[in-house]
Amino acid sequence: METPGDYRHVLAPSAAGWPVLSHWCVWVEPQSLEGPAARFQLLWLQAVEAALGQWQEHLPLQRVEDPRRAQVLIRRERPPRQQLPTGRSRASHGRATLNLQITARLGVWRLEPRVEVLISPHQRRAAIEATALHELGHAFGLWGHSPDPDDAMAAVPGADPVLRLSPRDLASLRWLYGQPTRFGAPVPSAPVP
Ligand SMILES: [Zn+2]
């Protein structure tokens, strides 16, 4: 049943439960800030940083230089066209893909989400930022779409790009992070290779 004020009913857990962590390591593809493409790379980086800043107000995020340490990896790349069940394909500006991994942290094996996020640079600055805000919502565990176009996690974006998390986004996030999860917890032994 729909709960006023949030969209928990559209959120889907992974095969191993709600893919959330109490602390996230985030890697952003380094940009070359020299040469002819520098202006566009800087624009992309600033838009992604702005979106990350929104999430950082509500989640403990740490930027890491080494992609192997990250659970969220953000790349400056247009996602490949998506094949639809109808046989047609669809272009999109962003995509987040969830994988589950068992990884050693400080000598302890833990179950973690690992999310690859592609953000296309072929958009206006505000659109890049809105795309990043939305795809990062998936990355941080909001795997579902809100029916309301004013939410960052809207299924269908409205006329204006959403650059701030709405009260419903935040209420849904609070609910999600209140759910029990196995992610981040130690697992009994190393995976069988
Ligand atoms: Zn989405």
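Scroll up for the structure.
Residues numbered from 1 in each chain as written. Predicted model: local features only at pLDDT ≥ 70, side-chain atom pairs only at ≥ 80, totals over all residues. Heavy atoms only, no water.

Student: Explanation requested: the overall build of the chain in the structure shown.
Tutor: From N to C terminus, the chain includes three helices and seven strands. Radius of gyration (C-alpha) of the chain: 17 Å, near the 16 Å computed for a compact globule of 193 residues. Counting over 193 residues, the chain shows a buried share of 44%. Across the chain, every contact between residues at least 6 apart in sequence was considered, and the portion connecting residues at least 24 apart equals 68%. (Helix = DSSP H or I, 4+ residues; strand = E, 2+ residues; numbered from the N terminus. Rg over C-alpha atoms; globule rule 2.2 N^0.38 Å. Buried < 20%, exposed > 50% of the residue type's maximum accessible area, 1.4 Å probe, protein only. Contact = heavy atoms within 4.5 Å.)

Student: When you look at the sheet that holds strand 7 (residues 108–119) in this model, what are you seeing that I'm missing?
Tutor: On the basis of which strands lie adjacent, the open sheet formed by five strands has the order 2-1-3-7-6 and mixed pairing. Whereas interior strands pair on both sides, the edge strands pair on one side only; in this sheet they are strand 2 (61–63) and strand 6 (94–105). Each neighbouring strand pair of the sheet contributes to a mean axis angle of 25 degrees, computed without reference to strand direction. Here strand 6 runs beside strand 7; their pairing, made up of 12 bridges, is antiparallel. Bridge pairing links Asn99 to Arg114 in strand 7. The sheet strands contacting helix 1 (residues 38–56) are strand 1 (24–28), strand 2, strand 3 (72–76) and strand 7, and the helix crosses strand 3 at an angle near 155 degrees. Along the sheet, helix 2 (residues 125–139) contacts strand 1, strand 3, strand 6 and strand 7; its crossing angle with strand 7, the most-contacted strand, is approximately 155 degrees. (Pairing = 2+ DSSP bridges. Axes fitted to C-alpha atoms, helices over the stretch in contact; angles between N-to-C directions.)

Student: Sorry if this is basic, but what is going on with the pattern of salt bridges here?
Tutor: Between side chains of opposite charge, a pair can form as their charged atoms come close. In total, this model carries eight salt bridges according to the counting rule given. The salt bridge involving Asp6 is made with Arg8; its shortest N-O contact spans 2.9 Å. Given the relative accessible area of 6%, Asp6 is considered buried. Overall, Arg8 belongs to the partly exposed group, its relative accessible area being 29%. Counted as one network, the salt bridges with shared partners bring together Asp148, Asp151 and Arg168. (Salt bridge = Lys/Arg side-chain N within 4 Å of Asp/Glu carboxyl O.)

Bear in mind that shape data such as this cannot, by itself, settle questions of function.
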